Amino acid sequence: MKLNNINIIEEYILIKIGSIGMLGLLIMGNKFLKDDILNSKISEIKEDIHEEEKYYFRRRILKKFLKDKILYNGTEYFFMIDGVIFNKIELKDKYKKSTFEELIITLYKKKESFFDEFKGSFSGIFYDKINEKIIIFTDQIGTKKIYYYLGKDLLVGSNFYEVIDILKLNKIEYSLNLLAAYSLLTYGSMIENITLVNEVKFLKAGEYIKYENGNLEVIRYHKFTKEAIKEKNEEEIIKKIDKLFNQAIKLQIEKNKEYGYLNLAPLSAGLDSRMTNFVLKKYTKNEVINITYSQNNYRDEEVPKKISVDLKNHWIFKSLNNGLSLKLLEKVSNITYGTTDSYGAAQVLDMVRYLNFDKIGIIHTGMLGEVLAGAELEYQELELSSSYLKDKLIKLKKGQKFESFDCFEIYNYYNGSFLKNFMGSPKVFQEVSESFSPFYDVDFLQYIVNIPPELRKNYYIYDKWVLKKYPEAAKYLHNGRKIGGKNLKIGKRIITVNELLPRTKEYFKRKIKSYTSQLETNNHMNPLDYWYNNNKDLQNYFDSLLRELIEEINFSELKSDCQTLYINGNTKEKDLVLTLLIAYKKIFKNERIK
């Protein structure tokens, strides 16, 4: 679509709420072209187009949760929402409004950041026609990304590649962001609000755009902070954790009940997905559907199998043997836009593409449970996916201004989990339905961040909560760790007593067989190096991608770094290189992105 095709002079806005455009679907004029990657139907896609004198709005969404994904066009206001609002009914009762549309108008008259009262996964636009003001927003933790370009025109969309396509079509110049490229190769994701294109940014968690009188302002409306909690002892803290977690789960379940959808929940050997499932079971009369994907015969197959039987749930298992999912890297890029490593999203895509999600509602995950586990309390820098190019990244970061937070842990969530995690498996799930985790809940997350660090370290309060409230969940090992087991400190690592013997055996196996990582054996959920080293077809696929794509890079130093990292790096690092190269070609080649 050409900007000058719209009958305006300087202002152009494309608002595309929802990322359905890259679910294997491309919009060409008014027609959809379908790819065969997902088990979905064109009839399940809803498209809305609205034109004002100065503005053009379009959205493409799944035909699910449509009473939440409203579109309103009145004489004074136009607005549309994508996603799910878990407390919609509660807010309607609070403000005594009969419809969601009336509620939003009431909230907007109260304040322009009306959406800060919403709970859920959402993004949207509000156009105040009288005051010529446009508000574009994402939720408090940024589960739905919004990208924007501001030049002579303003271009906004939730599909990064489609934003780039429109820039190409209108011959608008843009350039590679080297900080973003080296961030991907080092952290495995972007940081702050940068993308691989200097001229295109994205809204961070808890931010909104205000566009008024030709001026664009990015405003923070929500920020997690460090505050003192009221609870005086461990018993009170555990009671509060349980109350907030149960409230969050119930909101997700009630949303599925509202629409008559089934409950589906991933299940692994980890504790986070387990707790989601145990609490989920308290409030569901019908069986929950569990899905698991792992290397065969590893604990991430064995433990979920036992749990699903005990919970009397349905259980679907997808083998990850031979790393076949890693051949989907190019498909994954159409969903994640090269913003994070690809192998995790590829595994999820490799499962969901074989299933039909027509009757599935909110997908209940255990994402972000590391907050309660205290996993990031001692970090002083973002976790690295590769250290090879770290020094170059540090040089590129010099002189950059980064947003400050009350502590590094919170900074880490905004620049780690809220970016890297949400652009992985949750982004794939959004292509077939909506997904959420009780650990995402704003009230729960804010409370957990404020629990004293000494109580969260090494799963201390997490284990206490499980043993006190859900002792039946503690009978299964948590990734080989006994819940509530006595801890031992070996060097800088903390392990439980029951892990000592298996880890000692693993250490000597490495010495004898001369391998350096568990990823080189099949004794892992994602034994990336084992798959690569033992599957010639996978090696050929990776190597052929490198040969095809490396010549597209126009920056000699970056090209050399990619080659060196690929040749000398492990499979995870090869994945990072290919993720960057695939995205680079899509963004900077002359043709429009397909």
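Predicted model only: the values in this text are computed from it and were never measured.

Examining the overall build of the protein chain
Link 1 in the chain: Of the regular secondary structure elements, the protein chain holds 21 helices and 21 strands.
Link 2 in the chain: Within the protein chain, the fraction of its 594 residues that count as buried is 60%.
Link 3 in the chain: For the protein chain, contacts bridging at least 24 residues in sequence account for 70% of all contacts bridging at least 6.

Concerning the pairing of strand β15 (residues 262–266)
Link 1 in the chain: Counting buried residues in β15 gives four out of five residues, a clear majority hidden from the surface.
Link 2 in the chain: Where β15 meets strand β18 (residues 360–364), two bridges bridge the pair, whose relative direction is parallel. Bridging across to β18, L264 finds its partner in I363.
Link 3 in the chain: Regarding the hand of the β-α-β motif, the stretch spanning β15, helix α6 (residues 271–282) and strand β16 (residues 289–294) is right-handed.

Things to note about the nonpolar core
In summary, soluble globular proteins display a tendency toward joint burial of nonpolar side chains.
Link 1 in the chain: I241, F418 and W465 are the most contacted members of the largest nonpolar core, which totals 142 residues.
Link 2 in the chain: Ranked by the residues each element gives to this core, the list is headed by helix α21 (residues 571–588), at nine residues.
Link 3 in the chain: I241 has contacts with L372, F444, Y447, I448, I451, I461 and W465, leaving out every residue within four places of it along the chain.
Link 4 in the chain: Core analysis: the next-biggest nonpolar cluster, separate from the first, contains 23 residues, L91, I104, L107 and I219 among them.

Comments concerning the packing of aromatic side chains
The description of an aromatic ring pair rests on the distance of the ring centres and on the angle between the ring planes.
Link 1 in the chain: Tallied over the entire structure, the rule returns 53 aromatic pairs.
Link 2 in the chain: Here F100 and F118 contribute two aromatic rings whose centre-to-centre distance is 5.9 Å and whose plane-to-plane angle is 50 degrees, an arrangement assigned as tilted. In this pair, F100 is assigned in helix α2 (residues 100–110) and F118 in the loop between α2 and β8 (120–128), connecting sequence segments 18 residues apart.
Link 3 in the chain: Residue classification places F100 among the buried positions, given a relative accessible area of 4%.
Link 4 in the chain: A residue is classified by how much of its surface remains accessible, and F118, at 1% relative accessible area, is buried.

Concerning the sheet that holds strand β14 (residues 215–220)
Link 1 in the chain: An order of β6-β7-β8-β9-β13-β14 is seen for the six strands of this open sheet, with the pairing classed as antiparallel. Single-partner strands in this sheet number two, and they are β6 (71–73) and β14. Strand-to-strand twist in this sheet, taken as the mean axis angle between neighbours without regard to direction, amounts to 10 degrees.

Focus on helix α8 (residues 329–336)
Link 1 in the chain: The element α8 is extensively covered by neighbouring structure, given that six of its eight residues are classed as buried.
Link 2 in the chain: Where α8 is concerned, the buried positions are L329, V332, S333, N334, I335 and T336.
Link 3 in the chain: Residues of α8 that are buried sit in contact with α3 (160–169), α9 (343–352), α13 (425–429), α19 (536–550) and α21.
Link 4 in the chain: Residue Y337 follows α8 closely and has a positive phi angle near 60 degrees.

Observations regarding α21
Link 1 in the chain: Its 18 residues give α21 an end-to-end C-alpha distance of 25 Å, which sits within 8% of 26 Å, the value for a rise of 1.5 Å per residue.
Link 2 in the chain: Taken across its 18 residues, α21 has 15 buried, putting it largely inside the fold.
Link 3 in the chain: The opening residue of α21, the one whose side-chain oxygen lies 3.1 Å from the backbone nitrogen of K572, is N570.

What about the pairing of strand β13 (residues 207–212)?
Link 1 in the chain: In terms of burial, β13 is largely enclosed, as five of its six residues are buried.
Link 2 in the chain: With six bridges joining them, β13 and β14 adopt antiparallel strand pairing. What sits directly across from Y211, in β14, is L216.
Link 3 in the chain: The turn linking β13 back onto β14 is made up of two residues, and N213 within it adopts a positive phi angle of 55 degrees.

Things to note about the pattern of salt bridges
Link 1 in the chain: Taken as a whole and assessed by the stated rule, the structure comprises 40 salt bridges.
Link 2 in the chain: For E557, the salt bridge is made with K392, and the minimal N-O distance between the two is 2.9 Å. Taken together, the positions of E557 in helix α20 (residues 556–568) and K392 in helix α11 (residues 390–397) put the pair 165 residues apart, joining distant regions of the chain.
Link 3 in the chain: Residue K392 is classed as partly exposed on the basis of its relative accessible area, which comes to 28%.
Link 4 in the chain: Residues joined by salt bridges that share partners form a network here, namely E192, K204, E207, R220, K223 and E403.

A few points about the sheet that holds β15
Link 1 in the chain: Spatially, five strands are ordered β17-β16-β15-β18-β19 in an open sheet, and the strand pairing comes out parallel. The two strands at the open ends of the sheet, each matched to only one other strand, are β17 (314–319) and β19 (434–436). If you compare each strand with its neighbour and ignore which way they point, the axes differ by 25 degrees on average.
Link 2 in the chain: Sheet topology places β18 next to β19; three bridges connect them, and they run parallel. From the neighbouring strand, I362 faces β19, where its bridge partner is E434.
Link 3 in the chain: Across the sheet, helix α5 (residues 234–259) lies against β15, β18 and β19, angled at about 170 degrees from β18, the strand it touches most.
Link 4 in the chain: Set on the sheet, α9 makes contact with β16 and β17; between it and β16 the angle comes to about 130 degrees.

Observations concerning a positive patch on the surface
Link 1 in the chain: On the surface, a cluster of positive charge is contributed by K239, K243, K250, K282, K468 and K469.
Link 2 in the chain: Put simply, the parts of the chain that give the positive patch at least two residues each are α5 and α16 (460–469).
Link 3 in the chain: Top element by residues in the positive patch is α5. It accounts for three residues.

Looking at the environment of I194
Link 1 in the chain: Take I194: it is sitting in the loop between α4 (178–187) and β12 (200–202).
Link 2 in the chain: Sequence separation of I194 and Y147 is 47 residues, and the distance between their C-alpha atoms is 9.8 Å.
Link 3 in the chain: Dropping the residues within four chain positions of it, I194 is found in contact with N177, L179, A180, K201 and F202.

Here is what the cut-offs are and how they apply
- Residue numbering note: each chain is counted from 1, following its sequence as written.
- Where local features are concerned, this predicted model is filtered to residues with pLDDT of at least 70; where side-chain atom pairs are given and counted, the filter is 80 or more; whole-chain, interface and lining totals use all residues.
- As a rule here, side-chain values cover all heavy atoms of the structure and leave hydrogens and water aside.
- Working definition: helices are DSSP H or I runs of at least four residues, strands are E runs of at least two. Numbering for both runs from the N terminus.
- Throughout this description, buried means an accessible area under 20% of the type-specific maximum (1.4 Å probe, protein chains only), exposed means over 50%, and partly exposed covers the range between.
- Any pair of residues with heavy atoms lying within 4.5 Å of one another is described as a contacting pair.
- Only strands that DSSP links by at least two bridges are regarded as paired with each other.
- Crossovers are marked right-handed if the path from the first strand over the helix to the second runs clockwise, as seen with the strands pointing away from the viewer.
- For the purposes of this section, nonpolar cores are sets of buried Ala, Val, Leu, Ile, Met, Phe, Trp, Tyr and Cys residues that join through side-chain atoms within 4.5 Å.
- We call Phe, Tyr and Trp rings a pair once their centres come within 6.5 Å, taking the six-membered ring for Trp, and we label the pair stacked below 30 degrees between planes, edge-to-face above 60, and tilted otherwise.
- Angles run from 0 to 180 degrees between N-to-C directions of axes, and those axes are lines fitted to C-alpha atoms, restricted for helices to the stretch in contact.
- To estimate the expected span of a helix, subtract one from its residue number and multiply by 1.5 Å.
- Identification of polar contacts relies on pairs of N or O atoms within 3.5 Å, with a donor-acceptor requirement for protein atoms, meaning one able to donate a hydrogen and the other able to accept it, and with residues adjacent in sequence counted only if both atoms are side-chain atoms.
- Counted as salt bridges are all cases of a side-chain nitrogen of Lys or Arg within 4 Å of a carboxyl oxygen of Asp or Glu.
- For patches, a residue must show more than 30% relative accessible area and have no salt bridge; joins then use 9 Å for like charges and 5 Å for nonpolar side chains, namely Val, Leu, Ile, Met, Phe, Trp and Tyr.
- Residue burial considers only the protein chains on display, and all accessible areas are found by Shrake-Rupley using a 1.4 Å probe.
- Here Asp and Glu are counted as negative and Lys and Arg as positive; His is not counted, and neither are the chain ends.
- For this purpose, a charge sits on NZ of Lys, CZ of Arg, CG of Asp or CD of Glu.

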